[in-house]
Amino acid sequence: MATPVLRWCCPGRRWVFAGIGGVSRHGRGVPTGSTSSGKRGQSSVAQQPLITAQKPRKGEREWAAVVGLEIHAQIASNSKLFSGSQVDFAAPPNSLVSFFDASLPGTLPVLNRRCVEAAVMTGLALDCHINRRSLFDRKHYFYADLPAGYQITQQRLPIAVNGSLVYSVCVGKRRSQMVTKTAGVKQIQLEQDSGKSLHDSLRSQTLIDLNRAGVGLLEVVLEPDMSCGEEAAAAIRELQLILQALGTSQANMAEGQLRVDANISVHNPGEPLGVRTEVKNLNSARFLAKAIDYEIQRQINELENGGKILNETRSFDYKLGCTVPMRDKEGKQDYRFMPEPNLPPLLLYDSESLPTGTDPQQVINIDQLREQLPELPRVTREKLVQQYGMLPEHSFALLNEVGLLEFFQNVIKETRAEPKKVTSWVLNTFLGFLKQQNLAVSESPVTPSALAELLDLLDRKAISSSAAKQVFQELWRSKGKTPAQIVAEKKLELMQDAEALEQLCRSTLEAHPQVVTDVKKGNPRAINKLIGLVRRATLGRADPTVIKEVLERQLSL
Amino acid sequence: MWTRRVWLGLRASAGGRRGFPSKADPQGSRRVTAELIEHLERLALVDFGSQEAVARLEKAIAFADRLRAVDTDGVEPMESVLEDRCLYLRSDNVVEGNCAEELLQNSHHVVEEYFVAPPGMCCPKWLNRLSHSKLRMQ
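Residues numbered from 1 in each chain as written. Chains lettered and ligands numbered in written order. Predicted model: local features only at pLDDT ≥ 70, side-chain atom pairs only at ≥ 80, totals over all residues. Heavy atoms only, no water.

## Remarks on the side chain of Gln-205 of chain A
Note that Gln-205 of chain A resides in strand β12 (residues 205-209). With a relative accessible area of 13%, Gln-205 of chain A lands in the buried category. (Helix = DSSP H or I, 4+ residues; strand = E, 2+ residues; numbered from the N terminus. Buried < 20%, exposed > 50% of the residue type's maximum accessible area, 1.4 Å probe, protein only.)

Structure below.
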């Protein structure tokens, strides 16, 4: 049987049922254990799609994937959600734990104002309806890192509902166009984080650190509006940028401040949705798209081979590059939700409903928070496109790297060069050097002022663009020297003496009569040879376009 | 015969509905199935070791059932006796913590400032039938 071509609604992509399909023909679905098939699996769901000329033949099934996301973002606050102990990533074990966090009897939760504000701001930024009245509940389950035996969350009536997250994906052959997509935000709720469990395999025991227990989390539930790993990754990225712009969360996946679970199912377009699986432990930005695509492919394989998808929880194994079943579930988990008896309803106000004569510390005004919202990434990008005439994808690139936008704006401030030139230099040359040496913008040896000065020299035509690149390289290598100094040292200034250039051109023409004949015969490449000769004669200190002009004039072309 | 959802329905708070009206079945069977006992033992870490315990559970359910005598159609449930109270908002300052030594004293078994969890605590298997008494012995 020929390799069936499976098409799922990723912008303009065709996915070929290659590697993993081969594996599943021998068994059922998931390649467990065998590293080689795992690796093959990884490569066939890599970001570069295998584009084939095949079109889906009649009778072959098309598949659509549906991806929903549950995101937990740690709130950037000084203290925890319901207690006054500190929030910190790295601290001696159990040193940031209060009696309440350790769930000692007689302790009660006291809500942190900052966490409520963070939730409201995030809800406003995602165009949600803010519930003026929201409730806290207990979600019961037993686990060593949950000392109380329950988590305080907002199951019945969360703080914000019905919003949307607008994000963009790259489409097109060269992936250079940006298409806007929207994922619905089902709800945002406040909840407690659990402690951390560390496995001491030496002594076969589990060690518990409660520093993280009780830290405030924002759970953002995205509707299943995404259809592949790339879209999910793009949505997550945009959410990260929004949270960082708002200051409500640092949203750093590597430090566990942003955790993602995906709900994935596949179906044939036009038919009802399939059974979904939940994939947990997607805590790396790099592997997020891969893991989701792997699971989609796995489900397609399974169904194509006549199998069934179980409604189960799976985990992504980074080493094997595949999802593996996580829990042995005998029926669904029963969390026995109940209202949190120690917390009254959370009431929020707007300017109209704000009660008079109350302590401002004790009331939260949604309108006031809305006015104080910082600029969202989407708006920043639009402004960049408007102000500097750059392409949308450039604005994305500028916001995608920490500190890059600020760097760009500082260069713009100090240089007279055109914004388009600055954009090109920052995104191509500067960013290129950074990436090559794996540096952050803050670690750059080149300051905005230095680049601004360099661009000024270029703008004034004091140096050629190839000379400018040389100067940049030197700037990168040797700290402290200014562009002007480097230009002087390396004698890279453009010849300002027009008469001298005319002389040089004339003498070159005289010295190479054969080439001149070629040019006059109409050979288009011959002139480049002449330009090259003149350039060498000027020791690279003349602009090729100017040389061409002079030569053409002298040859009366 | 009632299904176990009726009993659990009393606990869950899903808006204003409260299980089924009792008029049709005033003295219905209070038998609690073995399946339900297993489920409860797993969820609540209790040990229904004897028939006496099960009987006590059935009596407790019967007692709570008397609530059904009240017609609550159209009545908004009270979810919290605190519903008229103000929820106090605390300023985001660090005022607690730094008492690791004190907290660790509460635990029998510690290793270098970490609490030690009972064995099997982080594997799914432990969720199956680990009774209260067994837990205490560890």
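Alright, that's what it looks like, and here's the rest.
## Observations concerning the nonpolar core
Core analysis: the biggest nonpolar cluster contains 71 residues, and Leu-69, Val-116, Leu-190 and Ile-292 of chain A have the highest contact counts within it. Here Val-116 of chain A is in contact with Leu-111, Ile-159, Leu-190, Leu-346, Leu-348 and Ile-364 of chain A together with Leu-89 of chain B, once residues within four sequence places are set aside. Within the second largest apolar cluster, 40 residues are counted, among which are Ile-412, Leu-427, Leu-455 and Trp-476 of chain A. (Core = buried A, V, L, I, M, F, W, Y, C linked by side-chain atoms within 4.5 Å. Contact = heavy atoms within 4.5 Å.)

## Details of helix α3 (residues 113-125) of chain A
Since the α-helix packs 3.6 residues into each turn, any two residues three or four apart lie on the same face. All names here are of chain A. Its 13 residues place the ends of α3 18 Å apart at the C-alpha level, agreeing with the 18 Å of an ideal helix rising 1.5 Å per residue. Taking burial as the measure, the 13 residues of α3 include 13 buried ones, the bulk of the element. Taking the backbone nitrogen of Arg-114 as reference, a side-chain oxygen 2.9 Å away marks Asn-112 as the first, capping residue of α3. Asp-127 sits one or two residues past α3 and shows a positive phi near 55°. (Expected span 1.5 Å × (residues − 1). Polar contact = N/O pair within 3.5 Å; in protein donor to acceptor, adjacent residues only side chain to side chain.)

## Section: the domain arrangement of chain A
All names here are of chain A. Taken domain by domain, chain A consists of domain 1 (68-339), domain 2 (377-490) and domain 3 (498-555). For domain 1 versus domain 2, the separation of C-alpha centres amounts to 37 Å. Between domain 1 and domain 2, the contact holds nine residues from the first and seven residues from the second. Overall, the association of domain 1 and domain 2 removes approximately 770 Å² of surface from exposure, summing both partners, and the carbon and sulfur fraction of that is 53%. The interface formed by domain 1 and domain 2 contains one salt bridge. Of the charged contacts, one joins Glu-238 and Arg-381 as a salt bridge, the two residues approaching to 2.7 Å between their closest N and O atoms. Linking domain 1 to domain 2 there are two residue pairs in polar contact (both at pLDDT 80 or more). (Domains from an automatic or database assignment. Buried area = accessible area lost by both parts, 1.4 Å probe. Salt bridge = Lys/Arg side-chain N within 4 Å of Asp/Glu carboxyl O.)

## Structural notes on helix α4 (residues 229-246) of chain A
Counted at 1.5 Å a residue, the expected span for α4 of chain A with its 18 residues is 26 Å, and the 26 Å between its end C-alpha atoms agrees. The buried count for α4 of chain A comes to 14 of 18 residues, which makes it a mostly enclosed element.

## Overview of the side chain of Glu-58 of chain B
Within the secondary structure, Glu-58 of chain B sits in helix α3 (residues 51-65). Side-chain polar atoms of Glu-58 of chain B contact the backbone nitrogen of Val-32 of chain B, separated by 2.9 Å.

## A few points about the sheet that holds strand β3 (residues 114-117) of chain B
Note: strands within a sheet are paired through backbone hydrogen bonds, in either parallel or antiparallel orientation. Strand order in the open sheet formed by four strands is β11(A)-β12(A)-β3(B)-β2(B), and the pairing between neighbours is antiparallel. Strands at the two margins of the open sheet, each flanked by one partner only, are β11 (196-200) of chain A together with β2 (110-111) of chain B. Both β11 of chain A and β12 of chain A contribute to a ladder of five bridges, which runs antiparallel. Directly across from Asp-200 of chain A, in β12 of chain A, lies its bridge partner Gln-205 of chain A. (Pairing = 2+ DSSP bridges.)

## Some details on the packing of helix α10 (residues 419-436) of chain A against helix α12 (residues 465-477) of chain A
Residue and element names in this part refer to chain A. Contact geometry for α10 and α12: axes closest at 11 Å, N-to-C directions at 40°. By the angle between their directions, the pair α10 and α12 is classed as oblique. As for how α10 packs across α12, the hand of that crossing is right-handed. Counted together, Trp-425, Thr-429, Phe-430, Phe-433 and Leu-434 of α10 and Ala-468, Lys-469, Phe-472, Gln-473 and Trp-476 of α12 form the full contact between these two elements. Looking at the contact of α10 with α12 residue by residue, the classes come out as seven nonpolar, two polar and one charged. (Axes fitted to C-alpha atoms, helices over the stretch in contact; angles between N-to-C directions. Parallel < 35°, antiparallel > 145°, perpendicular 65-115°, else oblique. Left-handed = near helix turned anticlockwise from the far one by under 90°. Nonpolar A, V, L, I, M, F, W, Y, C, P; charged D, E, K, R; others polar.)

## Section: the pairing of strand β8 (residues 150-153) of chain A
All names here are of chain A. Burial along β8 is two-sided: Tyr-150 and Ile-152 and Gln-151 and Thr-153, pointing in opposite directions, are all buried. Across four bridges, strand β7 (residues 137-140) lies against β8 in antiparallel orientation. By the bridge assignment, Arg-138 is partnered in β8 with Ile-152.

## Considerations on the packing of aromatic side chains
All names here are of chain A. Enumeration over the complete set of coordinates arrives at 13 aromatic pairs over all chains. Measuring from centroid to centroid gives 5.1 Å for Phe-316 and Tyr-318, while their planes differ by 85°, and the two rings are edge-to-face. Between Phe-433 and Trp-476, the aromatic rings sit 5.0 Å apart at their centres with planes inclined by 45°, giving tilted as the arrangement. Of the two residues, Phe-433 is situated in helix α10 and Trp-476 in helix α12; the sequence distance between them amounts to 43 residues. With respect to burial, Phe-433 and Trp-476 carry one shared label: buried. Following the ring pairs from residue to residue traces out a cluster consisting of Phe-407, Trp-425, Phe-430, Phe-433, Phe-472 and Trp-476. When the ring centre of Phe-396 is taken as origin, the NZ or CZ atom of Arg-381, which lies over that ring, is 3.9 Å away. Sitting above the plane of the Trp-425 ring, Lys-469 keeps its charged end 5.7 Å from the centroid. (Phe/Tyr/Trp six-rings, centres within 6.5 Å; stacked < 30°, edge-to-face > 60°. Lys NZ or Arg CZ within 6 Å of the ring centre and 35° of its normal.)

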